[in-house]
Amino acid sequence: MIPESYIISLILLLLALHALHEIGHDMKFDEANAAILSIETRLTGLEPEVKVTTRDHFKHGEELARRNSGTFVWFNTPMTVMRSQEVFDLMLKPAIESRATKRVEFILNPEQKDFFDREVWPKIQECRGREKGSYPTFAPIKENFAL
């Protein structure tokens, strides 16, 4: 048999180890929480990278295209507006020719394929920076919105 004093000491040691273990986890949680709050603080001052065009998109389209830095994605956008060279020059050409733009991608409904091939793709091929324009991904899109 083990003396009672050894068992009590062992239990106290295990309790102390458990308490230290819990304190360590609490400190990690607090550190993680502080890091998350720090990230949130840094992100609140940033402008979002996703812009939704609205009815006045022709007015702001050129500015948006010129300010873009990264990938410019056209999702479910009715390409028929690009029939006009003037609209193309305001909306799409500045993004393609901008040095800050890395890529211009299109995700379109299959119904737009013929029009895109006939009207939009040739205009893209005439732009400086045309290699940034990727050929569209055509997929059935059920959503009734465009980006």
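This structure is a prediction, so every number in the text was calculated from the model and none was measured. (Residues numbered from 1 in each chain as written. Predicted model: local features only at pLDDT ≥ 70, side-chain atom pairs only at ≥ 80, totals over all residues. Heavy atoms only, no water.)

Peer 1: Tell me about the overall build of the chain, and please be specific about residues and values.
Peer 2: A count of helices and strands for the chain gives 5 helices and 3 strands. Taking all 147 residues of the chain together, the buried fraction comes to 25%. In the chain, once contacts between residues fewer than 6 apart in sequence are set aside, the share between residues at least 24 apart is 76%. Accessible area of the chain: about 10800 Å², with a carbon and sulfur share of 60%. (Helix = DSSP H or I, 4+ residues; strand = E, 2+ residues; numbered from the N terminus. Buried < 20%, exposed > 50% of the residue type's maximum accessible area, 1.4 Å probe, protein only. Contact = heavy atoms within 4.5 Å. Areas by Shrake-Rupley, 256 points an atom, 1.4 Å probe, with all protein chains shown as cover.)

Peer 1: Residues and numbers for the side chain of Gln 112, please.
Peer 2: Summarising the element assignment, Gln 112 is placed in the loop between strand E2 (101-108) and helix H5 (113-125). For Gln 112, a relative accessible area of 15% translates into the label buried. A polar contact of 3.4 Å, which involves the side chain of Gln 112, links it to the backbone oxygen of Thr 77. Apart from the residues within four sequence positions on either side, Gln 112 is in contact with Asn 76, Thr 77, Pro 78, Met 79 and Phe 138. (Polar contact = N/O pair within 3.5 Å; in protein donor to acceptor, adjacent residues only side chain to side chain.)

Peer 1: Can you tell me about the nonpolar core, naming the residues and giving the values?
Peer 2: Counting residues in each nonpolar core, the largest one holds 18 residues, and the members touching the most others are Trp 74, Met 79, Met 82, Leu 92 and Phe 106. Of all the secondary-structure elements, those providing two or more residues to this core are strand E1 (70-75), helix H3 (85-91), helix H4 (93-97), E2 and H5. Tallying contributions element by element places H5 first for this core, with 4 residues. Excluding residues within four positions of it along the chain, Met 82 makes contact with Trp 74, Val 87, Phe 88, Met 91, Leu 92, Val 120 and Lys 123. (Core = buried A, V, L, I, M, F, W, Y, C linked by side-chain atoms within 4.5 Å.)

Peer 1: Describe a nonpolar patch on the surface, naming the residues involved and giving the relevant values.
Peer 2: Taken together, Ile 7, Ile 8, Ile 11, Leu 12 and Leu 15 make up a surface patch of nonpolar side chains, about 470 Å² in accessible area. Within the secondary structure, Ile 7 is located in helix H1 (residues 4-44). (Patch = residues over 30% accessible without salt bridge, like charges linked within 9 Å, V, L, I, M, F, W, Y side chains within 5 Å. Salt bridge = Lys/Arg side-chain N within 4 Å of Asp/Glu carboxyl O.)

Peer 1: Outline the packing of aromatic side chains, supporting the account with residue identities and numerical values.
Peer 2: This model, assessed by the stated rule, comprises 7 aromatic pairs. Look at Phe 116 and Trp 121: their rings are 6.0 Å apart centre to centre, the planes differ by 35°, and that puts the pair in the tilted class. A relative accessible area of 0% means that Phe 116 is categorised as buried. Within the aromatic cluster, the residues linked to one another by ring pairs are Phe 72, Trp 74, Phe 106, Phe 116, Trp 121, Tyr 135 and Phe 138. (Phe/Tyr/Trp six-rings, centres within 6.5 Å; stacked < 30°, edge-to-face > 60°.)

Peer 1: Go over the pattern of salt bridges with me, naming the residues and quoting the values.
Peer 2: Across all of its chains, the model carries 4 salt bridges by this definition. Close ionic contact of Glu 105 with Arg 103 constitutes a salt bridge, the shortest N to O distance being 3.4 Å. Exposure remark for Arg 103: the relative accessible area of 35% places this residue in the partly exposed category. When the shortest N-O distance is used, the salt bridge between Lys 113 and Asp 117 registers 2.9 Å. Residue Lys 113 and its partner Asp 117 are both found in helix H5; the two are separated by 4 residues, about one turn of the helix.

Peer 1: Explain the pairing of E2 to me, and be specific about the residues and the numbers.
Peer 2: Here E1 pairs with E2 via 6 bridges, running parallel. Counted as the bridge partner of Phe 75 is Ile 107 from E2. Note that E2 and strand E3 (residues 137-138) share 2 bridges and pair parallel. Within the sheet, the bridge partner assigned to Leu 108 lies in E3 and is Phe 138. (Pairing = 2+ DSSP bridges.)

So yeah, pure geometry; function would need other evidence.
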